[in-house]
Amino acid sequence: INVSPARVRLRLSISIRGNANAPRPSRARAHIPLSIFPSQCSLDFFFSLCDAPRMVDPNAPERGARAGFRARTWKSVKRKAARDDDDDVDNGASPGTLFRLVSYNILADSNVKAHARSLYRVGSHRLDWNNRSRAIVSELECVNGDVVCLQEFEDVAGGVGARLSQRGYAAGPRARRRGAKQDSCAIFYRKTAFVQVEKIEIQFSDAGLGDNVACATVLRRAADGGDARRLVLVANAHLVFNPKRGDLKLGQCRHLFDVIYAMKTAYAEKGFDVHTVIAGDWNFNPGSALYNFFADGDIDLLFENRRKMSGTIDDSGGVSDDDTSELHVNDDDGVSEDPSDAGEKLAADVIRRGWNLDNLALALGSRRVPVPSASGHNAQDVISAIHRMMLTTTYRLTMAHPFAGDLQSAYRVVEGEEPHFTTCHAKFVGTNDYVWFTSGLAPTRVLRCPNLDDILQHHRLPSVRYPSDHVSLVIDFSFS
């Protein structure tokens, strides 16, 4: 909505209050001319004025974070339905809980500076890193996790990492991106709760899968002692954002699964009982092809449109597809509308759904693709190559992950569905964050996400109560 400055005057009223018995002072009014602004003023400007802090409160970040925590309620699988809606804000562990895990994308300050105008149209005090980092640590104190998985973590001096160390947490693995962006995935654990056995950093760029990162750690409960044979493997990942790059996201998932499953297998062969938790910001929606790949264990690319696998509507203002080798199939490519070879027609349909050999190599792994690159090949050559590949897989382009049939989403198990949202900014509101777990573990309680109407009432995130554009996921786990 555009407002003409010729028809609008912004009126600022100032009242001075003194002794209650003193005569009421007159109200002074000042008119601020809008001629200093562009001829077309967005209402976002007025929203930011209304959102400006009225007074300086040195404890405002911590106070806001505590208020945000109190506004959220717990959902327990052991409670009766009549008590599920009670406003339980106790931050203690539920009965039978062996550890509490937190997954939280804390919004890197570098990303705020890069996208403040396009994604975060809120007051500057909400975006100030000093305020946000204090609020993040205060929120983490409230949720009282034993294991904390952070995405978009930046190890700034005096920042979140240093403050967590002062509060009894030890730094586990941290994987920093190598490209233009320098944020990380990091895992912290409470020193009185766990002892770290091993940690690894996963650079997807090492596998030619972009500059995103993940990390994993193997933990032993401190209460179990040094001879314990039961371990917890915790992984933390942040996948590529671009909603059109289903091939790249699938490849990153494939590589992550392969690495952490190899870790789990190595300890299992030594006689350890290893339970796995996989947390992160996955950048795909519930019900999408990639979400179902996690939940069901396999995916057939023959029937998936590469650009729609995330299930996310792209409102990014023209995000590049990062794909300069796209092929288009038409009659001139030698593929008729009704070719005699049905398999060749299926292969042509794969290209029509946005796939080429490079995309398939990223998703399935280069060893599954008979031709190393689509470069230099016309559409018919690519169709023939895809057809040859399908002949070895009974006319399917299927891939299964090693945790197939043994991976569930914690929030879906406890609440019966995923949260209505886990991230909210100017261009997207939806669920992109999940915590997955394997058999042997059971989620006993989760911290519900805030009410979306309350978030939208305060012009989305970050807010004074929730200092990131994501909300934290908090789960109590026990050994089943």
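Residues numbered from 1 in each chain as written. Predicted model: local features only at pLDDT ≥ 70, side-chain atom pairs only at ≥ 80, totals over all residues. Heavy atoms only, no water.

A. Up close: unusual backbone geometry. Between leucine 461 and the following residue, proline 462, the backbone shows a cis peptide bond with an omega angle of -5°. If you check the backbone angles, asparagine 144 has positive phi at about 60° while not being a glycine. Taking the relative accessible area as the measure of exposure, asparagine 144 reaches 32% and is therefore partly exposed. Non-glycine residue asparagine 283 carries a positive phi angle of around 55°. Note that asparagine 283 resides in the loop between β13 (273–281) and α8 (289–296). (Buried < 20%, exposed > 50% of the residue type's maximum accessible area, 1.4 Å probe, protein only. Helix = DSSP H or I, 4+ residues; strand = E, 2+ residues; numbered from the N terminus.)

B. Structural view of the sheet that holds strand β19 (residues 433–437). Taken in spatial order, the six strands make up an open sheet running β10-β11-β12-β13-β19-β16, and their pairing is mixed. Each end of this open sheet is capped by a strand with a single partner; those strands are β10 (194–203) and β16 (408–409). Bridging between β10 and strand β11 (residues 213–221) involves nine bridges; their strand directions are antiparallel. In the sheet register, glutamine 203 faces β11, and the bridge partner there is valine 213. (Pairing = 2+ DSSP bridges.)

C. Inspection of the environment of alanine 262 at higher detail. Within the fold, alanine 262 resides in helix α7 (residues 246–268). Judged by relative accessible area, alanine 262 falls into the partly exposed class, the value being 46%.

D. Representation of the pairing of β11 within the structure. Counting buried positions over the nine residues of β11 gives nine, a clear majority of the element. Burial along β11 is two-sided: Val213, Cys215, Thr217, Leu219 and Arg221 and Ala214, Ala216, Val218 and Arg220, pointing in opposite directions, are all buried. Pairing between β11 and strand β12 (residues 230–238): seven bridges, direction antiparallel. Among the inter-strand pairings, leucine 219 is bridged to a residue of β12, identified as valine 232.

E. Inspection of the pattern of salt bridges at higher detail. Tallying each qualifying case throughout the model produces 17 salt bridges. Its salt-bridge partner being lysine 113, residue aspartate 109 comes within 3.3 Å of it at the nearest N-O pair. Of this pair, aspartate 109 and lysine 113 both sit in helix α3 (residues 109–119), separated by four residues, roughly a single helical turn. Under the relative-accessibility criterion, aspartate 109 is labelled buried at 13%. Measuring nitrogen to oxygen at the nearest pair gives 3.3 Å for the salt bridge that ties arginine 448 to glutamate 415. Remark: glutamate 415 occurs in helix α12 (residues 410–415) and arginine 448 occurs in the loop between β20 (441–447) and α13 (452–457); sequence separation between them is 33 residues. Arginine 448 sits in the buried class, given a relative accessible area of 16%. Linked by salt bridges that have partners in common, Arg100, Arg445 and Asp476 make up one network. (Salt bridge = Lys/Arg side-chain N within 4 Å of Asp/Glu carboxyl O.)

F. The arrangement of the sheet that holds strand β5 (residues 74–76) in detail. Taken in spatial order, the seven strands make up an open sheet running β5-β20-β21-β6-β7-β9-β8, and their pairing is mixed. Every interior strand has two partners, whereas the edge strands, β5 and β8 (169–176), have only one. Taken pair by pair, the neighbouring strands of this sheet meet at an average axis angle of 20°, ignoring direction. Of the pairings in the sheet, the one linking β8 to strand β9 (residues 184–190) comprises six bridges and is antiparallel in character. Paired with alanine 170 across the two strands is tyrosine 189, which belongs to β9. (Axes fitted to C-alpha atoms, helices over the stretch in contact; angles between N-to-C directions.)

G. View of helix α5 (residues 129–143). The terminal C-alpha atoms of α5, which comprises 15 residues, lie 21 Å apart, in line with the 21 Å expected from a rise of 1.5 Å per residue. Along α5, the residues classified as buried are Trp129, Arg132, Ser133, Arg134, Ala135, Ile136, Val137, Ser138, Glu139, Leu140, Cys142 and Val143. At the N-terminal end of α5, a side-chain oxygen is found 3.2 Å from the backbone nitrogen of asparagine 130, two or three residues along, and the residue is aspartate 128. Looking one or two residues past α5, asparagine 144 carries a phi angle of roughly 60°, positive in sign. (Expected span 1.5 Å × (residues − 1). Polar contact = N/O pair within 3.5 Å; in protein donor to acceptor, adjacent residues only side chain to side chain.)

H. Representation of the packing of aromatic side chains within the structure. Enumeration over the complete set of coordinates arrives at 18 aromatic pairs. Centre to centre, the rings of phenylalanine 257 and phenylalanine 293 are 6.1 Å apart; their planes meet at 65°, and the pair counts as edge-to-face. Here phenylalanine 257, found in helix α7, pairs with phenylalanine 293, found in helix α8; they are 36 residues apart in sequence, far enough to count as distant. The class for phenylalanine 257 is buried, based on a relative accessible area of 0%. The exposure class of phenylalanine 293 is buried, given its relative accessible area of 0%. Ring centres of phenylalanine 284 and phenylalanine 294 lie 5.4 Å apart, and the angle between their planes is 50°; on these two criteria the pair is classed as tilted. In this pair, phenylalanine 284 sits in the loop between β13 and α8 while phenylalanine 294 sits in helix α8, placing the two residues ten residues apart along the sequence. On the basis of relative accessible area, phenylalanine 284 is assigned to the buried category, the value being 0%. One aromatic cluster in this structure is built from Phe257, Tyr261, Trp282, Phe284, Tyr291, Phe293, Phe294, Phe403, Tyr434 and Trp436. Sitting over the face of the ring of tyrosine 267, lysine 270 holds its NZ or CZ atom 5.5 Å from the ring centroid. (Phe/Tyr/Trp six-rings, centres within 6.5 Å; stacked < 30°, edge-to-face > 60°. Lys NZ or Arg CZ within 6 Å of the ring centre and 35° of its normal.)

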